[in-house]
Amino acid sequence: MATKGTVNGVIANMVTLIVDGPVAQNEICYIETGGDKLMAEVIKVVGKFVYVQVFESTRGLKMGAEAEFTGHMLEVTLGPGMLSRNYDGLQNDLDKMEGVFLKRGDYTFPLDKEKEWHFTPLVQPGDKVEASAWLGQVDENFQPLKIMAPFTLAGTCTVKSIAAEGDYRIYDTIAVLTDADGNDVEVNMVQKWPVKKAMSNYKEKPRPFKLLETGVRVIDTMNPIVEGGTGFIPGPFGTGKTVLQHAISKQAEADIVIIAACGERANEVVEIFTEFPELVDPHTGRKLMERTIIIANTSNMPVAAREASVYTAMTIGEYYRAMGLKVLLMADSTSRWAQALREMSNRMEELPGPDAFPMDLSAIISNFYGRAGYVTLANGETGSITFIGTVSPAGGNLKEPVTENTKKVARCFYALEQDRADKKRYPAVNPIDSYSKYLEYPEFAGYINERINDQWIDKVNDLKTRLQRGKEIAEQINILGDDGVPVEYHVTFWKLELIDFVILQQDAFDEVDAVTPMDRQEAIVDLVIDICRTEFEFDNFNEVMDYFKKLINLCKQMNYSKYQSEAYEDFRSQLQAMVEERKIQS
């Protein structure tokens, strides 16, 4: 018998129910109102009183309305047919919905039950398998997806029968497994998994070390992120958080891209819907949307669904990771998610933490970020989820609780700065405040020495030191005036500008400069470091400025030219001639 309840109180989207039986934390129930069934999740149980957060508008909900509990937690339905879909935070397929606005109480099935998939078996009768073992595979949008043994399987099972190669629908039985007690388990292509529970269907989770190339120089060169790494992008409005995320998702080496728009403004989400289907994947030459899943939960949707959307996105990511794929997960913006947590916490009259956020905000954020990572599966293959979130701190204050707590867990920090955005220096990542902890990992250093060269990390640290020194000198010049400091101070300052214009700034609208492969980044760094390490001779600061402006212009022309083309080499030889002309001969 399913537990039932009646509505006893309503505060916005938090509803109190009196129940007649057992109820579990995070269980889902449906509340009947005016012919609609509203989906809600249990967030607190006190005796026979149960507090639920409703994922819909509760307008018109009356005392005494009936609720029925489902006996399971908020879960996602996983299977073939999710790629290039647009979902909301509860995994409703938005393309199946009618009209511009979502109707209350309208839920759709996320997969296509009628479509046939070409299945190829990977195991044979008699094989021993465990939970999430690969039984077979189907191809979706040129991506080989694995059909796995149920994640909830206990112990080792024996394959009793496996379907022959052919076309099947998602609910057709493709395998029968026999468990240790001799019971048969029928397996189809669909899996269900509760979103708040991390999947642990892997053997081990080592520290990630493989560089994730994004083609964005300020990330790859200065503060690299790795496959299975975590990073976040805080910054005030209009500094380019969403644009930077779009650039990374377009260019990064990932098999699957999941974009969770949890509480962004609707116009930005519309941009994703209109832009992404048009974009061509630089790695395959096909449409980028083929390997992308969008989970849209705009700021005008109920707050509780924002919280659900980030968990839904992460669970879908874990599903693809268990197939040995590289997943890139973008959440925009986690501040809105934290605001949803704050709203629910306040309504439950819990003790508030800093800025009225929940006391356990840091635990919630670290648990969530902890679900990303690089894993070794039971069959020796590897998979990864790289997670990059954005944070929109009110007024650009990077000392507020969401930014501070995210800083504790994310290994990469890309601080966007209003000042750089105002000067049109894009991407507006502050090179001094930003950091990547991966540069300190010996595993990462070993990988870089092999992939690029053993001088690379030293050169990156040299660039960072020069940026810091240049910034200090820029402040002195600002206070004392151009004539108030020695000429060599101006040289140091203009070397900082050279690094800024040539490495840190990038033109996202230029075909060549938008994406910089690693071999080209190596060449740019070598070029800039050589100029920075060269001693020059000048009579006055005007000479310094004129000379470096010409150097910067030549370097930028190189950035806009195809790598190692005639034009590129021509600019390079002009540059070398200019450097030779001015340098102090030893």
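All values derive from a computational prediction rather than experimental measurement.

1. Focus: the overall build of the protein chain
Right, on to step 1. When its secondary structure is counted, the protein chain shows 14 helices and 25 strands.
Right, on to step 2. Relative to the 2.2 N^0.38 estimate, which gives 25 Å for 586 residues, the radius of gyration of the protein chain is 27 Å and therefore close to what a compact globule would have.
Right, on to step 3. Along the longest, intermediate and shortest principal axes, the C-alpha atoms of the protein chain span 90 × 55 × 40 Å.
Right, on to step 4. Looking at the 586 residues of the protein chain, the share that counts as buried comes to 54%.
Right, on to step 5. Nonlocal contacts in the protein chain, meaning residues at least 24 apart in sequence, comprise 69% of its contacts between residues at least 6 apart.
Right, on to step 6. If you sum the accessible surface of the protein chain, you get close to 25,100 Å²; carbon and sulfur atoms cover 49% of it.
Right, on to step 7. Distance between charge centroids for the protein chain: 3 Å, based on 62 positive and 87 negative side chains.

2. Side note on the sheet that holds strand E14 (residues 166–168)
Right, on to step 1. The strand order across the open sheet formed by four strands is E12-E11-E9-E14, and the pairing between neighbours is antiparallel. Edge positions in the sheet fall to strand E12 (143–148) and E14, since each of these pairs with one other strand and no more. Adjacent strand axes in the sheet meet at a mean angle of 40° when their direction is disregarded.
Right, on to step 2. As judged from the three bridges shared by strand E9 (residues 117–121) and strand E11 (residues 134–140), these two strands associate in the antiparallel manner. When the sheet's bridge partners are listed, Phe119 is paired in E11 with Val138.

3. Re the packing of helix H12 (residues 518–532) against helix H13 (residues 541–560)
Right, on to step 1. Two elements in contact, H12 and H13, have axes whose closest approach is 12 Å; the angle formed by their N-to-C orientations is 170°. One way to sum up the angle between H12 and H13 is to call them roughly antiparallel. Between H12 and H13, the contacting residues are Arg520, Ile524, Leu527 and Ile531 on the first element and Phe548, Leu551, Cys555, Met558, Asn559 and Tyr560 on the second.
Right, on to step 2. Across the contact of H12 with H13, the residue classes break down as eight nonpolar, one polar and one charged.

4. Focus on the pattern of salt bridges
Right, on to step 1. In the structure shown here, the tally under the stated rule is 24 salt bridges.
Right, on to step 2. Notably, a salt bridge pairs Asp36 with Arg104, separated by 3.6 Å at the nearest N-O pair. A residue pair is termed long-range when its members are at least 10 positions apart, and Asp36 in strand E4 (residues 36–46) and Arg104 in the loop between strand E8 (86–87) and E9 qualify at 68 residues.
Right, on to step 3. Arg371 is paired through a salt bridge with Glu318; the nearest N and O atoms lie 2.9 Å apart. Pair noted here: Arg371 is in the loop between helix H6 (361–369) and strand E22 (373–376) and Glu318 is in helix H4 (residues 303–321), with a separation of 53 residues, a long-range link.
Right, on to step 4. Look at Glu318 and you get buried, because its relative accessible area is 1%.
Right, on to step 5. Through salt bridges with shared partners, a single ionic network connects Arg420, Arg425, Glu497 and Asp500.

5. Things to note about unusual backbone geometry
The bulk of non-glycine residues show a negative phi, and the bulk of peptide bonds are trans.
Right, on to step 1. Look at the link from Asp332 to Ser333: it is a cis peptide, with omega at 5°.
Right, on to step 2. Mapped onto the elements, Ser333 comes out in the loop between strand E21 (326–331) and helix H5 (334–347).
Right, on to step 3. Across the junction of Tyr426 and Pro427, the peptide omega takes the value -10°, indicating a cis bond.
Right, on to step 4. Note that Pro427 resides in the loop between helix H8 (418–422) and strand E25 (435–436).
Right, on to step 5. Unusually for a residue other than glycine, Gln91 sits at a positive phi of about 65°.
Right, on to step 6. Classification of Gln91 as buried rests on a relative accessible area of 2%.

About the cut-offs
- Residues numbered from 1 in each chain as written.
- Predicted model: local features only at pLDDT ≥ 70, side-chain atom pairs only at ≥ 80, totals over all residues.
- Heavy atoms only, no water.
- Helix = DSSP H or I, 4+ residues; strand = E, 2+ residues; numbered from the N terminus.
- Rg over C-alpha atoms; globule rule 2.2 N^0.38 Å.
- Buried < 20%, exposed > 50% of the residue type's maximum accessible area, 1.4 Å probe, protein only.
- Contact = heavy atoms within 4.5 Å.
- Areas by Shrake-Rupley, 256 points an atom, 1.4 Å probe, with all protein chains shown as cover.
- Lys, Arg positive; Asp, Glu negative; His and termini not counted.
- Charge placed at Lys NZ, Arg CZ, Asp CG, Glu CD.
- Pairing = 2+ DSSP bridges.
- Axes fitted to C-alpha atoms, helices over the stretch in contact; angles between N-to-C directions.
- Parallel < 35°, antiparallel > 145°, perpendicular 65-115°, else oblique.
- Nonpolar A, V, L, I, M, F, W, Y, C, P; charged D, E, K, R; others polar.
- Salt bridge = Lys/Arg side-chain N within 4 Å of Asp/Glu carboxyl O.

Everything listed is a geometric property; what it means functionally is a separate question.
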